[in-house]
Every structure is written in C-alpha cells, then in structure tokens.
Amino acid sequence: MAQCTEAVYLHDASLRTLTTEVVSCQSISSLSEIEKCLAKSLSPEDSAIVMRQTILYPRGGGQPSDTGTLALEDQEPTFTVLLVRKAQDGRILHFGKPVTTDTIFVEGQRVIQNVDGDRRDYHSRLHTGGHIVGLAMELLFPDMKKVKANHAPGEACMEYEGLLYNEQKPLIQAKVDELVKQDLPILISWVEDGSDLEGRGKNREGPIRVASIGGLDQNPCGGTHVDRTSLAGPITIRKVSRQKGISRVSYEVPEKK
Ligand SMILES: [Zn+2]
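Not measured: the values here are computed from a predicted model.

Novice: I'm lost on the side chain of Ser247 in this one. Help?
Specialist: As for its placement among the helices and strands, Ser247 is situated in strand E15 (residues 246–252). Ignoring sequence-local partners within four residues, the contact set of Ser247 consists of Met158, Glu159, Tyr160, Gly162, Leu163, Leu164, Ser241 and Arg242.

See below:
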C-alpha cells in the first residue's frame, strides 16, 4: 500500500526549506487517470514526485497550492514545483518541470525542498483573513450559516446562507478592523473527535486539526496561517453581494508586507 506523505506544513508552517527523501518520480503520462486529472494544466511529459515529507502546501480548503523548487544536496535547484496536489491515498504529488532536461530523481535520493516564501506568506495572510472575516460574521450575524470559503488571490470571499446588503459592509469592516487591531493569536490544536465542534467536525476522521482566533472560535482547518491577526491585515472588505439566497463577503489583504 502506498505510504502517506508526512504533511510537515501542518505542524510547522514557518519552514521554508527541508531535506527529505524521494519515494517516487514518474512522468504525468504514467499516472492513473484520476491522478493525471490533478495536473491537467501541465504536459504529460512533466513529472510527478512523491517524497517522504513535504513542507509544500497542496491545494485545499480554498487555499491555492504552494510553488517551489527541489535540489540535490549541495547543488542548485534542478526541479521547479508548479503544482502540489493530495492524492486520495494520502500521498502528496509535486508536479513540475526539471530545470535541465536530464534531471531524474530516483527512489531513496536525498532532496532539499524550498517553498516560494512570498507566495506562501500571501496565501497564509489571505487564508487567515478568511478566518477573521468568518469570526467577524459569527459575532455580528450568529444565525447566518457559512456555506463556502475561497482564499485565492483576487477571489477571496466567504459565503453565507441568507441576505446581506451593502449597508452592512461598514459594520463588517469595523468588526474585522477591531479583530486585527486586537492582535489575537491564531491557535492550532488537535482534537481526537469532532463532537465538540458544533457539527463542524462531522464526518472527519480524527485527529482533527483545529484553528482558533484567540479561543473565540473553533474551525477544523488544514491550511497555513500567520501567527497573529495583526499579521494578516489590514483586511479590506471589497464587496457584499447576493445571488440566489447566498451572500458573499469579498475581501483582500496586502500582497506584500
Ligand atoms: Zn485555517
């Protein structure tokens, strides 16, 4: 049975480099049909690499994947990671292209992973910004049910059942600003079962990773965060819009800090 990739980013999202070992390296054309679909934007000759561990975040929970490089020890990077995706069996696939055509990694080889830090930091701010908007909404409109979240650049938003109007935008902005100013810590914990998470941990196998803003909320989450609310902001509520009974709160955070 295939071995799960150890997702190091879940335990330490601050790591930007890690030495680990290659488990497999193959062309996208030799993957199963399901796994080929994970990298539709790349060419069949590009590669899919699995390593024992990874610090590169695979797309998930509304947060886009990391990009980065792989290098052999004491050498310049020889592989560009363009996409990271989680397979159904728990392996994490690193899709990309060799820098020079003759780079082929083999099983057991030691490799050094590097994450594109600016992109990761921006994604962590956007993702944490989503939690902050979510908490502001929970405090202001406790009866509105969250239905969707997107933390991608240019598209970041939280969606809720029920109707919100533009007049409520300043109210949401003020609550978000208050949470950022309070500089609350983002707390990560692990729980064995999700029954204490008010239905949010349903259908998840434990242990479940939970993110909380200063102990004020509890959200099952596998994404990467900044350490404090002030590091995500200033958050701009761009727009409040409605469609078919669903309201969308769009937001943005600084791309650079
Ligand atoms: Zn999160």
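Novice: Any chance you could explain helix H3 (residues 169–181) here in plain terms?
Specialist: Given 3.6 residues per helical turn, the α-helix brings residues three or four places apart onto the same face. Taking 1.5 Å of rise per residue, the 13 residues of H3 would be expected to cover 18 Å, and the 18 Å separating its terminal C-alpha atoms lies within 8% of that figure. Here H3 has its buried residues at Ile172, Gln173, Lys175, Val176, Leu179 and Val180. All buried residues of H3 lie within an arc of 165° about the axis, which places them on one face of the element. Away from its buried face, by an angle of more than 90 degrees, H3 presents the exposed residues Pro170 and Lys181. The positive-phi residue at the C-terminal boundary of H3 is Asp183, with phi of around 55°.

Novice: Sorry, what's going on with the pairing of strand E2 (residues 17–27) here?
Specialist: Residues in a regular strand point their side chains to alternate faces of the sheet. For E2 and strand E8 (residues 110–115), the ladder comprises 5 bridges, and the chain directions are antiparallel. Paired with Thr19 across the bridge in E8 is Ile112.

Novice: What exactly am I supposed to notice about the nonpolar core here?
Specialist: Val133, Met137, Ile172 and Tyr251 are the most contacted members of the largest nonpolar core, which totals 28 residues. The set of elements that each furnish at least two residues to this core consists of helix H2 (117–140), strand E10 (157–161), H3, strand E14 (236–243) and E15. Among the elements that take part in this core, H2 stands out by supplying 7 residues, more than any other. Grouped together as the second largest cluster of nonpolar side chains are 19 residues, Leu18, Met51, Ile55 and Val115 included.

Novice: I keep staring at the pairing of strand E6 (residues 77–86) and nothing clicks. Help me out?
Specialist: Where strand E5 (residues 68–72) and E6 come together, 4 bridges link them in antiparallel fashion. Within E6, the residue paired with Gly68 across the bridge is Val81. Hairpin connection, E5 to E6: the antiparallel pair is bridged by 4 residues, and Asp74 has positive phi, about 60°. Of the pairings in the sheet, the one linking E6 to strand E7 (residues 92–98) comprises 7 bridges and is antiparallel in character. Each residue of the ladder has a partner; that of Arg85, found in E7, is Leu93. The hairpin turn running from E6 into E7, its antiparallel successor, is 5 residues long, and Gly90 in that turn takes a positive phi close to 95°.

Parameters and conventions
- Residues numbered from 1 in each chain as written.
- Predicted model: local features only at pLDDT ≥ 70, side-chain atom pairs only at ≥ 80, totals over all residues.
- Heavy atoms only, no water.
- Helix = DSSP H or I, 4+ residues; strand = E, 2+ residues; numbered from the N terminus.
- Contact = heavy atoms within 4.5 Å.
- Expected span 1.5 Å × (residues − 1).
- Buried < 20%, exposed > 50% of the residue type's maximum accessible area, 1.4 Å probe, protein only.
- Arc of directions from axis to C-beta.
- Pairing = 2+ DSSP bridges.
- Core = buried A, V, L, I, M, F, W, Y, C linked by side-chain atoms within 4.5 Å.

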